[in-house]
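One letter stands for each residue in the lines below.
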Amino acid sequence: MPGEAVPLRVYDTSSSEVVPSEPGPTAKLYVCGITPYDATHLGHAATYVTFDVLQRVWRDNGHTVHYVQNVTDVDDPLLERAERDGVDWRDLAVRETELFREDMTALAVLPPDEYVSVVDSVAEIATDVARLLESGHAYRLAVDEPTADGGADVYFDLSTEDRFGEVSGWSRAEMLAVYADRGGDPDRPGKRDPLDPLLWRAARPGEPSWDGGVLGPGRPGWHVECTTIALRSLGMTFDVQGGGTDLVFPHHEMSAVQAEGLTGEWPFARAYVHQAMVGLDGEKMSKSRGNLVLVSRLRADGRDPMALRLALLARSYRTEWAWTDDLLADAQARLDRWRDAVSRPTGPNATATVAAVRERLADDLDTPGALAAVDRWVAEQLDGGATGTPQRDATRDDTTRDDTALDATTPDDTTSDDKAPALLAAAVDALLGVRLTPAS
Ligand code: ZN
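Bear in mind that the values here come from a model prediction, so they are computed numbers and not experimental data. (Residues numbered from 1 in each chain as written. Predicted model: local features only at pLDDT ≥ 70, side-chain atom pairs only at ≥ 80, totals over all residues.)

## Side note on the overall build of the protein
Inference 1: A tally of regular secondary structure across the protein gives 13 helices and 16 strands.
Inference 2: Its C-alpha atoms give the protein a radius of gyration of 23 Å, near enough to 22 Å, the size a compact globule of 440 residues would have.
Inference 3: Expressed along its principal axes, the backbone C-alpha trace of the protein runs to roughly 80 × 45 × 35 Å.
Inference 4: Across the 440 residues in the protein, those meeting the buried criterion constitute 48%.
Inference 5: For the protein, contacts bridging at least 24 residues in sequence account for 77% of all contacts bridging at least 6. (Helix = DSSP H or I, 4+ residues; strand = E, 2+ residues; numbered from the N terminus. Rg over C-alpha atoms; globule rule 2.2 N^0.38 Å. Buried ≥ 20, exposed ≤ 12 C-beta atoms within 10 Å, placed from the backbone. Contact = placed C-beta atoms within 7 Å.)

Given below as C-alpha cells:
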C-alpha cells in the first residue's frame, strides 16, 4: 500500500506512559489466550481485535510478526465446567477452542503464528519448575490431604525477586485485595508469602495429572504456563505482552518475575499492553457473573461480523465501556455507508485519508480517530463534503487525543479519482481488518 509508515507508540502499563514500539525486523507478540470452557464473549473479542490491529500496524510498517498465543486447555475453571456438564474436559476444550477460532476468523482476526497448548507443554513447564527449585527460586509445600500420597506442591518464592511489582506498579495491599478472586491462594498455610504463586500442583484424586519428573505427578500452575511458552517460543525481552487489564496482576506480574528467575534477565516484555474491560448493564462482562454477549450468538442471529468488529474499533482500547445494542446498530449504519462509498467507480483522492488512518493507529492504536478519518472521506464521497455522520459522539470521549492531526484528513483534492475507492477499501481492510468489498 502506498504512503509512509508511521512508527507505533503504545501505552505500556509497567512504565505508565506511551512508549515507542521499536521492534527489530521480526516483531514479537505474546497475547494470553483463552481457557476454552465457554464461548467467546465481547470482552475477549475486544482484546483479540486490539492486538490484531497492533499486528496490522507492525506489518504495514514492514515488520515480520511472530505472534504466539497459548491455550489454557487444562485449568480449574475448565475442569469444574466439565464436571458440572458431565463431559470430558478434553472434549470440552477441543470444542470451545474450535468455536473460538471460528469466531476469530469471522471477525477477520489474523491468526497467531503459533497457538501453543498448555497440555502439549507440560514437560517443558515441569523442566522449568524443576530449574526454579534447583536455583532456590521455588520451594515445595507438602499437601496436607489424606489422599495426597506424599506429593508436594511447588511455589515460586517472591522474596528472591526484587523486580516483583514492577509490571503492575501495585502496592501489596492492592495485590492482596484481589489475589484470591484472581486464582491466587493467599490463605494456603505454610506459604512463605501469601502472594507466592503456585508453580506445580501435585496430583489429586480425580484430577488430570502428568509425569513431572522430579516434581512428581501433577499439573502446572497458571502463570508459569505463559512464562514457559513465551520464553520457549519468543525468548526473553519480546516486544509486547498483551491481554485484558484483569491480567495485569497477578498473571503478567507473576509470569514476568518467574521468567527473570529462570533467565536472570529483564524485562520479560518491552511493553505490557492491556485492553480495558467491556461491561454490560453496569458490570464487567464475565463468565462468573453470567452477563455475556457471545460472538457466536450474534453471528447466529445474522449480525454482520464486520459490523461487530467496527463496533469494537469505535472505542479506545484503553477506556472501559459498556456494550449496548445501539452500538451494533450504529456500526452497521457506518459499515453500510462505507460499503456504499467504496462501491462507486470514482471518489475524492484518498491518499491523505490513508495517511491519517496510519497516523491515528500509530498513536497508541487510536481506532476511533482512524474511523473518524474514514468517515470524513465517506462523507465527502456520499454527501459532497457534508460533515454529518450517523455515529453517536461516544467515539470522541478520549479528550487526551491530539485532534490537530485530524485536520489533515479532510480530503484536500476533491478531483474525481478512479483509484480512490479501491485504495480506501484496501487500506481499511489491511489496517483496520474491515472488509468492505467481496474481493478485498
Ligand atoms: Zn498468559
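## Comments concerning the domain arrangement of the protein
Inference 1: Taken as a whole, the protein is organised into domain 1 (9-279) and domain 2 (325-432).
Inference 2: Taking only C-alpha atoms, the centre of domain 1 and the centre of domain 2 are 37 Å apart.
Inference 3: The interface of domain 1 with domain 2 comprises 10 residues on the first partner and 10 residues on the second.
Inference 4: Put simply, the parts of the chain that give the side of domain 1 that touches domain 2 at least two residues each are β1 (9-12) and α1 (42-60).
Inference 5: It is α1 that contributes the most residues to the side of domain 1 that touches domain 2, 6 residues altogether.
Inference 6: Its residues placed into classes, the side of domain 1 that touches domain 2 shows 6 nonpolar, 1 polar and 3 charged. (Domains from an automatic or database assignment. Nonpolar A, V, L, I, M, F, W, Y, C, P; charged D, E, K, R; others polar.)

## Quick look at the environment of I229
Inference 1: Positionally, I229 belongs in helix α6 (residues 222-233).
Inference 2: Sequence separation between I229 and E124 is 105 residues; the distance between their C-alpha atoms is 8.4 Å.
Inference 3: Once you skip the residues sitting within four places of it in the chain, I229 turns out to touch V68, N70, V116 and S121.

## A short note on the nonpolar core
Inference 1: In terms of nonpolar packing, the biggest core is built from 117 residues, with V129, L199 and V428 touching the most fellow members.
Inference 2: Among the elements that line this core, the one with the most residues is α1, at 10 residues.
Inference 3: Counting the residues that make up this core, at least three belong to each of domain 1 (9-279) and domain 2 (325-432).
Inference 4: Non-local contacts of L199, meaning those with residues more than four positions away in its chain, are made with V129, L132, A138, V154, Y155, F156, G221 and V224. (Core = buried A, V, L, I, M, F, W, Y, C linked by C-beta atoms within 7 Å.)

## A few points about the packing of helix α11 (residues 351-362) against helix α12 (residues 367-383)
Inference 1: One way to put it is that α11 packs onto α12 with a least axis distance of 7 Å and a crossing angle of 170 degrees. On the basis of their axis angle, the class for α11 and α12 is roughly antiparallel. Between α11 and α12, the contacting residues are T353, A356, V357, R360 and L361 on the first element and T367, G369, A370, A373, V374 and W377 on the second.
Inference 2: Of the residues in the contact of α11 with α12, the class split is 7 nonpolar, 3 polar and 1 charged. (Axes fitted to C-alpha atoms, helices over the stretch in contact; angles between N-to-C directions. Parallel < 35°, antiparallel > 145°, perpendicular 65-115°, else oblique.)

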